[in-house]
Every structure is written in C-alpha cells, then in structure tokens.
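Each chain is listed here by its residues.
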Amino acid sequence: MCLGIPGQITAITDEARLMAMAEVSGVRREVNVACVADGPLDLLIGEWVLIHVGFAMSRIDADEAARTLAALHDLGEAQEALEQMAEADRELAR
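- Named according to an unreviewed UniProt entry, the protein is Hydrogenase maturation factor HypC originating from Paracoccus yeei.
- Per UniProt, the protein carries the Function (unreviewed entry) text "Involved in the maturation of [NiFe] hydrogenases. Involved in the biosynthesis of the Fe(CN)(2)CO cofactor."
- Annotation of the protein in UniProt includes, under Sequence similarities (unreviewed entry), the sentence "Belongs to the HupF/HypC family."

## Overview of the overall build of the protein
Consideration 1: A tally of helices and strands in the protein yields one helix and five strands.
Consideration 2: Ordered by position from the N terminus, the helices and strands of the protein form the series β-β-β-β-β-α.
Consideration 3: The C-alpha radius of gyration computed for the protein amounts to 17 Å, which surpasses the reference 12 Å derived for 94 residues by more than 25%, pointing to a less compact arrangement than a globule.
Consideration 4: When the backbone C-alpha atoms are referred to their principal axes, the protein occupies close to 60 × 25 × 25 Å.
Consideration 5: Within the protein, the proportion of its 94 residues that are buried is 21%.
Consideration 6: In the protein, once contacts between residues fewer than 6 apart in sequence are set aside, the share between residues at least 24 apart is 36%.

## Some thoughts on the nonpolar core
Consideration 1: Core analysis: the largest hydrophobic core is formed by 12 residues, namely Ile9, Ala20, Ala22, Val24, Val31, Val33, Val36, Leu41, Leu44, Val49, Ile51 and Ala56.
Consideration 2: Looking at this core, the elements that each hand over two or more residues are β2 (19-24) and β4 (48-52).
Consideration 3: Ranked by residue count, the leading element in this core is β2, at three residues.
Consideration 4: With residues up to four places along the chain from it excluded, the contact list for Ile9 reads Ala20, Met21, Ala22, Val31, Val33, Leu44, Ile45, Gly46, Glu47 and Val49.

## Let's talk about the side chain of Asn32
Consideration 1: Looking at the secondary structure, you find Asn32 in strand β3 (residues 27-32).
Consideration 2: Those residues within four positions of Asn32 in sequence are excluded, and the remaining contacts are Arg17, Leu18, Met19, Gly54, Phe55 and Ala56.

## What to know about the environment of Gly4
Consideration 1: Its location among the elements puts Gly4 in the segment before β1 (5-14).
Consideration 2: Sequence spacing of Gly4 and Leu50 is 46 residues, and the spatial spacing of their C-alpha atoms is 5.0 Å.
Consideration 3: The contacts of Gly4, once residues within four sequence positions are left out, are Leu50, Ile51 and Thr68.

## Things to note about the pairing of β3
Consideration 1: Pairing geometry for β2 and β3, over six bridges, is antiparallel. When the sheet's bridge partners are listed, Val24 is paired in β3 with Val27.
Consideration 2: Where β2 hands over to β3, the hairpin turn is made up of two residues, of which Ser25 adopts a positive phi near 50 degrees.

## Comments concerning the pattern of salt bridges
Consideration 1: Under the criterion given, the structure shown has four salt bridges.
Consideration 2: A salt bridge links Arg17 to Asp14; the shortest N-O distance between them is 3.3 Å.
Consideration 3: Classification of Arg17 as partly exposed rests on a relative accessible area of 49%.
Consideration 4: Here Glu23 makes a salt bridge to Arg28, at a shortest N to O gap of 3.4 Å.
Consideration 5: When its relative accessible area of 29% is taken as the criterion, Glu23 is described as partly exposed.

Definitions and cut-offs
- Residues numbered from 1 in each chain as written.
- Predicted model: local features only at pLDDT ≥ 70, side-chain atom pairs only at ≥ 80, totals over all residues.
- Heavy atoms only, no water.
- UniProt positions renumbered as here; feature names shortened; annotations may be inferred.
- Helix = DSSP H or I, 4+ residues; strand = E, 2+ residues; numbered from the N terminus.
- Rg over C-alpha atoms; globule rule 2.2 N^0.38 Å.
- Buried < 20%, exposed > 50% of the residue type's maximum accessible area, 1.4 Å probe, protein only.
- Contact = heavy atoms within 4.5 Å.
- Core = buried A, V, L, I, M, F, W, Y, C linked by side-chain atoms within 4.5 Å.
- Pairing = 2+ DSSP bridges.
- Salt bridge = Lys/Arg side-chain N within 4 Å of Asp/Glu carboxyl O.

Laid out in structure tokens, this is it:
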C-alpha cells in the first residue's frame with residue numbers, strides 16, 4: 001500500500017531538475033515535482049500535493065489536504081492507543 005502525505009509547495013529549488021520545497025506538517029523537505037508540473041513551475045508555489053517517497057504525485061485542493069492530514073493524525077492516535085493496549089496486555093501476562 002502506498003501512502004501519500006499532503007504537503008504545500010513553498011518554493012522552487014532547482015527548476016532544471018524539477019525540484020521544489022514542500023512543507024509537510026511544519027517540516028520542509030525537497031520533492032520532485034515532475035509528475036505535477038504542467039506549466040511554469042512558479043505556478044506550483046502555494047499548491048497542495050500528495051507526496052510519496054520524495055515525489056509530488058498529484059495535486060489536491062486545500063480541503064482534501066486538511067481532511068487527509070486530520071485522518072493521518074487520527075490514525076496516529078489510534079496506533080498509539082493500540083500500542084498502549086498491547087503493552088498493558090504484556091504487563092498482565094508477566
């Protein structure tokens with residue numbers, strides 16, 4: 001299964017290599033925008049994209065980005081709760 005993480009393009013870092021800076025939940029990372037570049041790269045600044053393994057795979061709107069980020073946050077909380085339950089079970093088994 002592949003998981004795309006929403007990120008917002010904040011700058012073009014290397015036009016020749018189709019590289020841009022994207023912010024993902026407050027963390028900036030360089031991504032390749034070849035899959036979403038369909039015109040001047042400067043037009044991508046401010047756009048939301050789904051990022052997978054360093055590539056912006058598709059454009060999304062701000063609402064979809066917010067919903068996806070909320071779902072990922074909820075999944076993280078659910079995973080933390082499951083890990084706590086598993087730890088409690090291990091403690092009881094001792």
